[in-house]
Amino acid sequence: MSDPSPFELPAPQYRYDDEDIRHAISSARWAMAAQATLYLALSVLIWVLVTSLDDADGLGGVLALASLDAVLAVAVAVCAVLLGRRRPAVWWTTFGIELGFGLILLVGGLVTLLSAGSGGGAAPVGLFLWLLLAQAVLRPLQRPEVKAAFGLRVKDAEWQRAARRKRR
């Protein structure tokens, strides 16, 4: 017996409205729009602040992180637009971008902690903000009916948990 292809969806025992899926995608889109706007504004602010300094030597790494953050913010905006097509590549790209933001936050936090003379108070705020935005983006996309709509494999246990949640 051969394994099913990743694009063969298991037959769900409980049907979901397309409205549930559209609502989840819509809430993920709103969170992605907020995330892209916030991170793009933050990147521009960092660029303006660093380039306005008289002594900007040694801050090339900060500018590189701000540039990478801006690129990821634009990629989030593109993924938000493409979410309605329900392609697996868009789902995986969104997931990867969220991990990319997490890595940028870790590197930025290390730079903040290791740089001399700076207060490290901004790192925990950034961590909480990233966790809040990442959860707002990824949580709706992790629902089994949404994963199935994107053509991803869904385990039977996930369907059963979702069905119990739906009945409540």
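Note that the structure is predicted; figures quoted are calculated from it, not measured.

## Structural notes on the packing of helix α2 (residues 60-82) against helix α3 (residues 88-114)
Running from N to C, α2 and α3 cross one another at 160°; their axes reach a closest spacing of 10 Å. By the angle between their axes, α2 is roughly antiparallel relative to α3. Between α2 and α3 lies a crossing whose hand is left-handed. On α3, the residues that touch V62, L65, L68, D69, L72, A73, A75, V76, C79 and L82 of α2 are V90, T93, T94, I97, E98, G100, F101, I104, V107, G108 and V111. Looking at side-chain class alone, the contact of α2 with α3 contains 15 nonpolar, four polar and two charged residues.

## Side note on the packing of aromatic side chains
With the rule as written, the count across this model stands at four aromatic pairs. Considering the side-chain rings of Y39 and F101, the 4.3 Å spacing of their centres and the 35° angle between planes classify their relative orientation as tilted. One end of the pair, Y39, is in helix α1 (residues 18-52); the other, F101, is in helix α3, and 62 residues separate them in sequence. In this pair, the class of Y39 matches that of F101, namely buried. On the basis of an interplanar angle of 90° and a centroid distance of 6.2 Å, the ring pair of W92 and F95 is categorised as edge-to-face.

## Quick look at unusual backbone geometry
For R86, which is not glycine, the phi torsion reads 55° and is therefore positive. By secondary structure assignment, the location of R86 is in the loop between α2 and α3. Under the relative-accessibility criterion, R86 is labelled partly exposed at 23%.

## Examining α2
Counted at 1.5 Å a residue, the expected span for α2 with its 23 residues is 33 Å, and the 33 Å between its end C-alpha atoms agrees. Looking only at α2, the buried set comprises L63, L65, A66, D69, A70, L72, A73, V76, C79 and A80. Among the structural elements, α1 and α3 are those in contact with the buried residues of α2.

## What to know about the nonpolar core
In this structure, M32, L83, F101, L141 and F150 are the most contacted members of the largest nonpolar core, which totals 29 residues. Broken down by secondary-structure element, the contributors of at least two residues to this core are α1, α2, α3 and α4 (122-141). Here the element with the most residues in this core is α1; it accounts for eight residues. Not counting the four nearest positions on each side in its chain, L141 is found in contact with A28, L83, W91, T94, V146, K147 and F150.

## Things to note about the pattern of salt bridges
Where side chains of opposite charge bring their charged atoms close, a pairing between them can arise. Under the criterion given, the structure shown has four salt bridges. Here D18 ties to R22 by a salt bridge, and the two come within 3.2 Å at their closest N and O atoms. You can see D18 and its partner R22 sitting in helix α1, four residues apart, about one turn around the helix. Between R22 and E19 there is a salt bridge whose closest N-O contact spans 3.0 Å. With R22 and E19 both in helix α1, this residue pair falls three residues apart, about one helical turn. By relative accessible area, which is 45% here, R22 ends up partly exposed. Because the salt bridges share partners, they merge into one network encompassing D18, E19, R22 and R86.

Basis of the calculations
- Residues numbered from 1 in each chain as written.
- Predicted model: local features only at pLDDT ≥ 70, side-chain atom pairs only at ≥ 80, totals over all residues.
- Heavy atoms only, no water.
- Axes fitted to C-alpha atoms, helices over the stretch in contact; angles between N-to-C directions.
- Helix = DSSP H or I, 4+ residues; strand = E, 2+ residues; numbered from the N terminus.
- Parallel < 35°, antiparallel > 145°, perpendicular 65-115°, else oblique.
- Left-handed = near helix turned anticlockwise from the far one by under 90°.
- Contact = heavy atoms within 4.5 Å.
- Nonpolar A, V, L, I, M, F, W, Y, C, P; charged D, E, K, R; others polar.
- Phe/Tyr/Trp six-rings, centres within 6.5 Å; stacked < 30°, edge-to-face > 60°.
- Buried < 20%, exposed > 50% of the residue type's maximum accessible area, 1.4 Å probe, protein only.
- Expected span 1.5 Å × (residues − 1).
- Core = buried A, V, L, I, M, F, W, Y, C linked by side-chain atoms within 4.5 Å.
- Salt bridge = Lys/Arg side-chain N within 4 Å of Asp/Glu carboxyl O.

These results come straight from atomic positions and should not be treated as a statement about function.
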